[in-house]
Amino acid sequence: MGTGPGAETGTEAVRGEEGAARAEPGVGSAKGRFGIFGGRYVSETLVHALTDLEDAFGRHYPTEEFQRIFRGLLRDYGGRPTPLYHAENLSRIVGFKVYLKREDLLCGGSHKLNNSIGQALLAKRMGKRRLITETAAGQHGVSAAMAGNILGLETEVFMGVKDIARQEGNVKRMRLLGAKVKPVATGEGVLKDAVSETLREWAACSRTAHYLMGSTVGPHPFPTIVGAFQSVIGEEIRAQILEKEGRLPDAIVACGSGGSNAIGAFRPFLDERDVRLHFVEGGGESLDADNCAAAFVLGRPGVLHGALMQLLQDEHGQVKPSRTRAAGLNYPGRGPEISYLCHSGRVKAGYAFDSEVFEAVKVTCRSEGLIPALETAHALAYILGHREEFDKGDVVVVNYSGRGDKDVETILRHLEGEI
Ligand SMILES: *Cc1c(COP(=O)(O)O)cnc(C)c1O
């Protein structure tokens, strides 16, 4: 790490910028700060592309026309609104009322399309011809390819060579959709290296290409933009729970790494102090295991890919990639907004271990007939494993971020002998 534009990591870079960070408080301020987190730690060549993007978002996103097209595509192509499902059997097991926000039913099988359609639309407005992005599990790459095709934009997806080898299904889907998959062999050949490579590519071709950032990470304005497009999730939860329960939920639980599905679900509730918010990270095998991704337990603030974030790093400040079973939770940084919300105490950070996650998959399969994505199963494992944090009368919404078709092999391998 530390080779891409703005990819400096570690305490040196942070120490150098900390004063500046403190001088610019304010959530979502013009500088893209969430408390001390966020910002724009990039090379000169990217500043222009980022200010252009910020301007374009400010100009187009609030307009009636943009909203009409964005919401229309999410409805007619994506299948929104996704249902809010009262999971009665799961509720009986945990002892409180559980609703699942069914993002698995969004076209593509996860929440990712909300953001991809929004950004592709924005790129089109900006006159770009090409989308470049990166992906780990391939879910985001697939949704970017879908959005690119709808809007007539070429799509190129950078992917670590290790991830290409383990995500054969999604690589095939991307190729079938016509996207170019670009193998990244630098570093460890995983997601963080693919992000660095995409930033490098963007610095060279930002006039004609848009970097379709896949989560609420990266330099300002990406975390703000991605959070805005994903907020459709929380807006729908609010309307749906008011209709079903006549009140707001007691808690919302979401899994994540960069934080986009969590921020999307949480944003419309941030000022509702009675709504508890839980963010669940990948715990890996244990807190000592090298596949642990519990950044709010083991990490500390540091700069990666252009932003100050809660970051998994070793004692020398080098970024530590995690290797949880859920590929979608393996980004080493937590986006600026979720970092801030967890540090400030508004959101409670938690984690689930692999064994609990597979157990949650089994319970959800058997009780509700739903196979959750391994990422999503972290949120389910949390409510199963922390029942004491919820009261009998509580109404709890779990953001059911995606379906588990992509994980069936992994799940079966793990549960072998048990089923
Ligand atoms: C990508 C993914 C996640 C993690 O991404 P966030 O940006 O942290 O939300 C979670 N669940 C599913 C199903 C995913 O595909």
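Reading guide: rules and limits
Residues numbered from 1 in each chain as written. Predicted model: local features only at pLDDT ≥ 70, side-chain atom pairs only at ≥ 80, totals over all residues. Heavy atoms only, no water. Near = heavy atom within 4 Å. Polar contact = N/O pair within 3.5 Å; in protein donor to acceptor, adjacent residues only side chain to side chain. Areas by Shrake-Rupley, 256 points an atom, 1.4 Å probe, with all protein chains shown as cover. Domains from an automatic or database assignment. Axes fitted to C-alpha atoms, helices over the stretch in contact; angles between N-to-C directions. Helix = DSSP H or I, 4+ residues; strand = E, 2+ residues; numbered from the N terminus. Contact = heavy atoms within 4.5 Å. Phe/Tyr/Trp six-rings, centres within 6.5 Å; stacked < 30°, edge-to-face > 60°. Buried < 20%, exposed > 50% of the residue type's maximum accessible area, 1.4 Å probe, protein only. Parallel < 35°, antiparallel > 145°, perpendicular 65-115°, else oblique. Nonpolar A, V, L, I, M, F, W, Y, C, P; charged D, E, K, R; others polar.

Taken together, the neighbourhood of the ligand is formed by 18 residues, with Lys112, Ser215, Gly259, Ser260 and Ser401 sitting nearest. At 3.3 Å, a backbone N or O of glycine 258 approaches an oxygen atom of the ligand. One of the backbone N or O atoms of glycine 259 is found 2.8 Å from an oxygen atom in the ligand. Within the complex, the protein chains bury 96% of what would otherwise be the 380 Å² of accessible surface of the ligand. Shared between two domains, the shell around the ligand holds at least three residues of each, these being domain 1 (29–68 + 111–226) and domain 2 (79–110 + 231–414).

Turning next to the packing of helix α10 (residues 222–230) against helix α11 (residues 232–245). Packing of α10 against α11 brings their axes to within 5 Å, and their N-to-C directions diverge by 35°. Residues Ala228, Phe229 and Gln230 of α10 touch α11, and the partners they reach there are Val232, Ile233 and Gly234.

This part covers the packing of aromatic side chains. Under the defined criterion, the tally for this structure stands at 13 aromatic pairs. Ring geometry for phenylalanine 279 and phenylalanine 296: centres 6.1 Å apart, planes at 85°, overall edge-to-face. Taken as a pair, phenylalanine 279 in strand β10 (residues 276–284) and phenylalanine 296 in helix α13 (residues 295–298) lie far apart in primary sequence, 17 residues in all. For phenylalanine 279, a relative accessible area of 1% translates into the label buried. Accessibility expressed as a relative area gives 19% for phenylalanine 296, which makes it buried.

Take the packing of helix α15 (residues 354–368) against helix α16 (residues 374–385) next. For the pair α15 and α16, the least separation of the axes is 8 Å and the interaxial angle reads 90°. One finds that α15 runs roughly perpendicular with respect to α16. Every residue of α16 that contacts α15 at Glu356, Val357, Phe358, Ala360, Val361, Val363 and Thr364 is listed here: Leu374, Ala377, His378, Leu380, Ala381 and Leu384. Here the contact of α15 with α16 is composed, by residue class, of ten nonpolar, two polar and one charged.

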